[in-house]
Each structure stands twice: as C-alpha cells, then as structure tokens.
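# Results of the structural survey
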Amino acid sequence: MKSGGVRNATRAAISAPHLRTDRWWLAPAATAAGLLAFVVYSTWRAFSNSHYYAAPYVSPFYSPCLAENCVPMRNGPNWEIFGSWWGLSPALLVLIFPLGFRLTCYYYRKAYYRGFWASPPACAVAEPHKKYSGETRFPLIFQNIHRYFFYAAVPVAGILTYDTVLAFRNEDYEWGHMGLGTLVFLVNITLIWAYTLSCHSCRHIVGGKLKHFSRHPVRYRAWQLVGRLNARHMQLAWASLVSVALADFYVYLVASGVFDDPTFF
C-alpha cells in the first residue's frame, strides 16, 4: 500500500482505493463543468466592456458602474468614482465583491475543492494528495475573510434591487411599464437575496453569541428564518449563479440588437 496522506499505516488493509460501485465521479464532474462554464462566461463578459446597458436594464455584472468610461444610464447606478485614467472594463471594479463572496462561500468551497482539486472528490473516496493542511496556510487561509465579503455583498444586492425597481420603466424612462426583462430582474434579485441571506455568516450575525433566545425574540425569529434558508444554501447558490448569468445575457441580447424587449404593459 502506498504511504502518505490518507493512505498511511493506520488505514484499513484494503487494496482497493475505495469500495464505492456507483458513479461517484458524476457529481464532482458536473460541479466542475458548471463552475467552469460560469467562469468562462463571466470572464468574457467582464472584459468585453460592451452591450451591458439597454434602457432601462443594466447588467448585474456592471452595476454599480464606478468608472468615468461607463455608458450613461439615466437615473442608473452611474458613480464616476474612477476617472479617465481607468481604461479597463468597469465591471472589473465591482465584480470582485460578489465573486469574492461566492469564492469564499462555505458551499462553493466544498464544490470547487471536490470538483477541481479532488480534496476529496467524493464521500468515502480517498483524496490523491499526500498532505493536508486545510485552510490554515497561504493562500487558503484567506477563506476566513468570507464574512467581510458578506458585508460587501449586502450593499451590492441593495444596488441590484434599485436596478430592478428601475426596470419598471420603458426605454423612454417612463414609469409604470413592465417587460420580459423586468421579470428576469425580479427573479434574479429574489434569488440573490435568498442566497445572500442564507449565508452561514449571515446566520451567525443574526443569532450568534446569544445565550438566551427568549430574551431576544426578534433576533430569534430572524435566526429561524435564515436557518430555513440556510438549509437550501446549495440550491440557492446554484440558482442565483444561473440567474445572474441569465440576467446579464438577457441585457446583452437586447443591447446588441438580437431582439427587442417584449413588453406586457
């Protein structure tokens, strides 16, 4: 038997690397494929610096737009904090916060640890690495800043909520209208808030360090609500990942002239 890592002298004397007979590799393979597809798409869209605004819709990848080279958006999230010296895509200034939040998320850690690093690839399947240091050394020790990315993700979700409200205008910025894009934005912001509030850090902030829930009834109810969302954290993580990509892609299609946004009223 090979020595090192999990295959050491204390392991049961079984010649087979594992005893699983099912297709255990399908889950990590699908996870890796899904995450890789999002990384490729989001990277392309972040660096493209085009077709991210079609009145009244702004891509969630580019909101808020913090650079002077942003497309003018009437009453939109135009915050020209960075001047003309910034020549790259403005999406690179804001995506660091939601992506950092997802990258350090407890569920996403499990997903890409298994999908890309095979650490471990599946339950009851030994990982191929000889050493294991967890998240105690560089660079994985930075995973512990997840709660701070949560603090940054909340205002970003608030801004996307504002963008969704603006989606109840038409292309002439007149209020009281609703298009297919409005529904896309509504679904997306609902899933983003559900994923954000289901975060383990949010659950700890709401109900952590309380010794007597009876003395804090409001926080206790909030903790219960977040706990119910937390039980669906994995599903919400994937659903919101897909919805934010679809919202951006919808804006891209409308802005590039592939089709006009269908209106309901």
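Above this text you will find the structure in question.
Within every chain, residues take consecutive numbers counted from 1 along the sequence as written. Residues qualify for local features only when their pLDDT is at least 70, as the model is predicted, and side-chain atom pairs are given and counted only at 80 or more; totals for whole chains, interfaces and linings, by contrast, use all residues. Where side-chain values are given, they derive from all heavy atoms of the structure, hydrogens and water being excluded.

### Observations regarding the packing of helix α5 (residues 146–166) against helix α7 (residues 200–207)
Packed helix pairs are characterised by how far apart their axes lie and by the angle those axes make with each other. Axis definition: a line fitted to C-alpha atoms, limited for helices to the stretch in contact. Angles are taken between N-to-C directions and run from 0 to 180 degrees. For the purposes of this entry, the term helix denotes a DSSP run of H or I that reaches at least four residues, the term strand denotes a run of E that reaches at least two, and both are numbered from the N terminus. The N-to-C vectors of α5 and α7 enclose an angle of 85°; their axes lie 9 Å apart at closest approach. The pairing of α5 with α7 is recorded here as roughly perpendicular in orientation. Here H146, R147, F150 and Y151 of α5 lie close against α7, whose contacting residues are S201, C202, H204 and I205. For this classification, Asp, Glu, Lys and Arg are treated as charged, while Ala, Val, Leu, Ile, Met, Phe, Trp, Tyr, Cys and Pro are nonpolar and the rest, including Gly, are polar. Of the residues belonging to the contact of α5 with α7, the class tally is four nonpolar, three polar and one charged. An angle below 35 degrees is read as roughly parallel, one above 145 as roughly antiparallel, one from 65 to 115 as roughly perpendicular, and any other as oblique. Note on definitions: a residue-residue contact is assigned when non-hydrogen atoms from the two residues lie within 4.5 Å.

### What to know about the nonpolar core
In these notes, a set of buried Ala, Val, Leu, Ile, Met, Phe, Trp, Tyr and Cys residues joined through side-chain atoms within 4.5 Å is what counts as a nonpolar core. Each residue is placed in one exposure class: buried if its accessible area under a 1.4 Å probe, protein chains only, is under 20% of its type's maximum, exposed if it is over 50%, and partly exposed if it falls in between. Grouped together as the largest cluster of nonpolar side chains are 43 residues, with contacts concentrated most on F61, F101, Y108 and Y195. Elements supplying a minimum of two residues to this core: α1 (26–48), β3 (65–67), α2 (91–94), α4 (106–115), α5, α6 (180–197), α7 and α9 (233–255). The next biggest cluster of nonpolar side chains, apart from the first, holds seven residues, and it includes A54, A167, Y250 and V254.

### So, the state of the cysteines
The disulfide definition used here is simple: a pair of cysteine sulfur atoms within 2.5 Å. The full count for this structure, using the stated rule, is one disulfide. Disulfide pairing is shown between C65 and C70; the S-S distance is 2.1 Å. On the sign convention where negative means left-handed, the S-S torsion of about -100° between C65 and C70 marks this disulfide as left-handed. For C65, a relative accessible area of 0% corresponds to the buried category. The closest cysteine sulfur to the non-disulfide-bonded C123 is located on C105, 18 Å from its own sulfur. The exposure class assigned to C123 is partly exposed, which follows from its relative accessible area of 48%. Free of any disulfide, C199 has its nearest cysteine sulfur in C105, 6.3 Å distant.

### Notes on the environment of A32
Mapped onto the secondary structure, A32 falls in helix α1. Under the relative-accessibility criterion, A32 is labelled buried at 12%. Excluding residues within four positions of it along the chain, A32 makes contact with G115 and F116.

### A closer look at unusual backbone geometry
In this chain, S119 is followed by P120 through a cis amide linkage whose omega measures -15°. As for its placement among the helices and strands, P120 is situated in the loop between α4 and α5. In this structure, H51 takes a positive phi of about 55° despite not being glycine. We note that A124 has phi near 65°; this positive angle belongs to a residue other than glycine. As for its position among the elements, A124 is in the loop between α4 and α5.

### Overview of α9
To estimate the expected span of a helix, subtract one from its residue number and multiply by 1.5 Å. Compared with an ideal rise of 1.5 Å per residue, which puts 23 residues at 33 Å, α9 spans 33 Å between its outermost C-alpha atoms and is within 8% of the ideal. Taken from the residues just after α9, G257 is the one with a positive phi, measuring 85°.

### Quick word on a negative patch on the surface
A cluster of acidic residues, E171, D172, E174 and D260, forms a negative patch at the surface. Mapped onto the elements of the fold, E171 is located in the loop between α5 and α6. Only residues whose relative accessible area exceeds 30% and that form no salt bridge are eligible for patches; like-charged ones are grouped when within 9 Å, while nonpolar side chains (Val, Leu, Ile, Met, Phe, Trp, Tyr) are grouped when within 5 Å. A 1.4 Å probe and the Shrake-Rupley method give the accessible areas. Residues count as covered only by the protein chains that appear here. Basic side-chain nitrogens of Lys or Arg form a salt bridge, by our definition, when they fall within 4 Å of a carboxyl oxygen of Asp or Glu. As used throughout, the charge tally considers Lys and Arg to be positive and Asp and Glu to be negative, leaving His and the chain termini uncounted. Charge placement uses NZ in Lys and CZ in Arg. For Asp and Glu, CG and CD serve respectively.

### Digging into the side chain of S119
Among the secondary structure elements, S119 is positioned in the loop between α4 and α5. Sequence-distant contacts of S119, defined by excluding residues within four places in its chain, comprise Y113, R114, E127, H129 and Y132.

### Looking at the packing of α1 against α9
The N-to-C vectors of α1 and α9 enclose an angle of 30°; their axes lie 11 Å apart at closest approach. Handedness of the α1/α9 crossing: left-handed. On α9, the residues that touch T31, G34, L35, F38, Y41, W44 and R45 of α1 are W238, L241, V244, A245, D248, F249 and Y252. For the contact of α1 with α9, the residue count by class is ten nonpolar, two polar and two charged. Whether a crossing is left-handed or right-handed is set by the direction in which the near helix is turned from the far one by less than a right angle, anticlockwise for left-handed and clockwise for right-handed.

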